[in-house]
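Take a look at the letters that make up each chain.
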Amino acid sequence: MSYQPLVVPWADALWNKLARQHAESRLPHAILLTGHTGTGKIEFAQAFAHLLLCHQPHNHQPCGVCRGCELLSSGNHPDLVHLHPAEAGKAIKVDQVRELLQFLHNTAQQGGYRVVVMEPAENMNINAANALLKSLEEPGNNTLLLLVSHQPGQLMPTIRSRCQQVGFPMPKPEEAIPWLTQQLDIDAERAEQLLRITQGAPLKARLLYQNDRISFRAGFMTGLVDLLKARTTAVTLAEKFYKEDLLQLLEWMHSLLVDIARLQADGDMQKISNTDMFKMLNAVAKKTTVVKLYALIDKLQAERISLMERHNPNRQLLLETLLLEWVGLVR
Ligand SMILES: [Zn+2]
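Residues numbered from 1 in each chain as written. Predicted model: local features only at pLDDT ≥ 70, side-chain atom pairs only at ≥ 80, totals over all residues. Heavy atoms only, no water.

Another point: the packing of helix 1 (residues 12-23) against helix 2 (residues 41-53). Their axes nearest at 11 Å, the elements helix 1 and helix 2 cross at an angle of 30°. By the criterion of interaxial angle, the relationship of helix 1 to helix 2 is roughly parallel. Judged by the sense of rotation from one axis to the other, the crossing of helix 1 with helix 2 is right-handed. Seen from helix 1, the contacting residues are Leu 14, Trp 15, Leu 18, Ala 19 and His 22; seen from helix 2, they are Phe 44, Ala 47, Phe 48, Leu 51 and Leu 52. Of the residues that constitute the contact of helix 1 with helix 2, the class distribution is nine nonpolar, one polar and no charged. (Axes fitted to C-alpha atoms, helices over the stretch in contact; angles between N-to-C directions. Helix = DSSP H or I, 4+ residues; strand = E, 2+ residues; numbered from the N terminus. Parallel < 35°, antiparallel > 145°, perpendicular 65-115°, else oblique. Left-handed = near helix turned anticlockwise from the far one by under 90°. Contact = heavy atoms within 4.5 Å. Nonpolar A, V, L, I, M, F, W, Y, C, P; charged D, E, K, R; others polar.)

This paragraph deals with the domain arrangement of the protein. Interface size is commonly expressed as the accessible surface area that is lost when the partners come together. Taken domain by domain, the protein comprises domain 1 (9-167), domain 2 (172-204) and domain 3 (212-328). Centre-to-centre separation of domain 1 and domain 3, based on C-alpha positions: 36 Å. (Domains from an automatic or database assignment.)

Attention shifts here to the layout of surface pockets. Taken as a whole, the second largest pocket spans an internal volume of roughly 280 Å³. Taken together, 13 residues form the lining of the second largest pocket, with Leu 228, Lys 229, Lys 279, Met 280 and Ala 283 sitting closest to its centre. Elements with a minimum of two residues in the lining of the second largest pocket: helix 10 (213-228) and helix 13 (278-287). Looking at the lining of the second largest pocket element by element, the count peaks at six residues for helix 13. (1 Å grid on protein atoms, 1.4 Å probe; cavity = no way out; pocket = protein on both sides within 12 Å on 5 of 7 lines; lining within 4 Å. Points joined across faces, edges and corners; volume = space filled by probe spheres on them.)

The next thing to look at is the packing of aromatic side chains. Per the counting criterion, the structure on display carries eight aromatic pairs. Between Phe 220 and Phe 241 the ring centres are 5.2 Å apart and the planes differ by 75°, which places this aromatic pair in the edge-to-face class. Here the residue Phe 220 occupies a position in helix 10, and Phe 241 occupies one in helix 11 (residues 234-241), the gap between them amounting to 21 residues. Overall, Phe 220 belongs to the buried group, its relative accessible area being 0%. (Phe/Tyr/Trp six-rings, centres within 6.5 Å; stacked < 30°, edge-to-face > 60°. Buried < 20%, exposed > 50% of the residue type's maximum accessible area, 1.4 Å probe, protein only.)

The strand order across the open sheet formed by five strands is 2-3-4-1-5, and the pairing between neighbours is parallel. Only two strands of the sheet have a single partner each, and these edge strands are strand 2 (80-83) and strand 5 (164-167). Between one strand and the next, the sheet's axes are offset by a mean angle of 20°, whatever the strand orientation. For strand 2 and strand 3 (residues 114-118), the ladder comprises four bridges, and the chain directions are parallel. Paired with His 82 across the bridge in strand 3 is Val 117. Contacting strand 2, strand 3 and strand 4 (143-149), helix 4 (residues 94-105) crosses the sheet at an angle of about 165° to strand 3. (Pairing = 2+ DSSP bridges.)

Moving on: the pairing of strand 4. Burial within strand 4 is extensive, with seven of its seven residues counted as buried. Where burial is concerned, the two faces of strand 4 agree: the one with Thr 143, Leu 145, Leu 147 and Ser 149 and the one with Leu 144, Leu 146 and Val 148 are both buried. Judged from the five bridges that link them, strand 3 and strand 4 form a sheet pairing that is parallel. Its bridge partner being in strand 4, Val 115 is matched across the sheet by Leu 144.

So, in structure tokens, the structure goes:
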């Protein structure tokens, strides 16, 4: 059985660099892996953890047959901890970090490395971050803390300064398109369209396509068009969508507004992300004002943050208000 970790081709150079550091025993105790969402950071971190836990890596790849690799493929290696919020979007709490400290206190059960993958690191609440600080300095021998962050600016500076920061590459279209084409068995044109919608993030694009989110998106976009044409109301639309992935809806709306701002600035269709919605975007761009547009962009940002921080807003009302402002752009 050969073990094939998922490493996206645009991260090959980074992989080789870190694997070489590992082979030469030059790895730091703590790495902060930063970059855009949906580019493969988490998968990379997990694959790298596998490499570290393999007892006889070959050509910078795990062997797939040793005891370490066996434990990994069965999904319960005692020297690997994957720390993430109990629920997507929620905080990583201090209790979780305390458990982690206990883990770091013990010696490696398989006599090799101990690895912690934490993602997204910016979701640590302040108590959790404070609890982690000391361990970031001295986690013990043969230990790697791998912090993955989409928003490193939201991390405490004291956390950032204790890690070696490693930037994860954003793929170029000529790397992302063939990868996506092959992953999803679709043509290049379709891949390009998916990548535009997801701002060039290939794993996000794959998710969009695989989970049938593409038709979910289409339904929401149709709703927005209908709303502008007064074929539906904000109340009806909010009722239909508020139980769905609200963060995703807000992200899509945000992306549309940014496109409208771009169209207003120079009318260049090449610069927009949602090319499939060009007609609607162009119509709004012609009718709305910069002031209205940026007021809504700011409001969306604020609501996204509040949703991520879980202030438990009234979801239906939140969406309805935003949809009303969306119509308000052209009224
Ligand atoms: Zn192995």
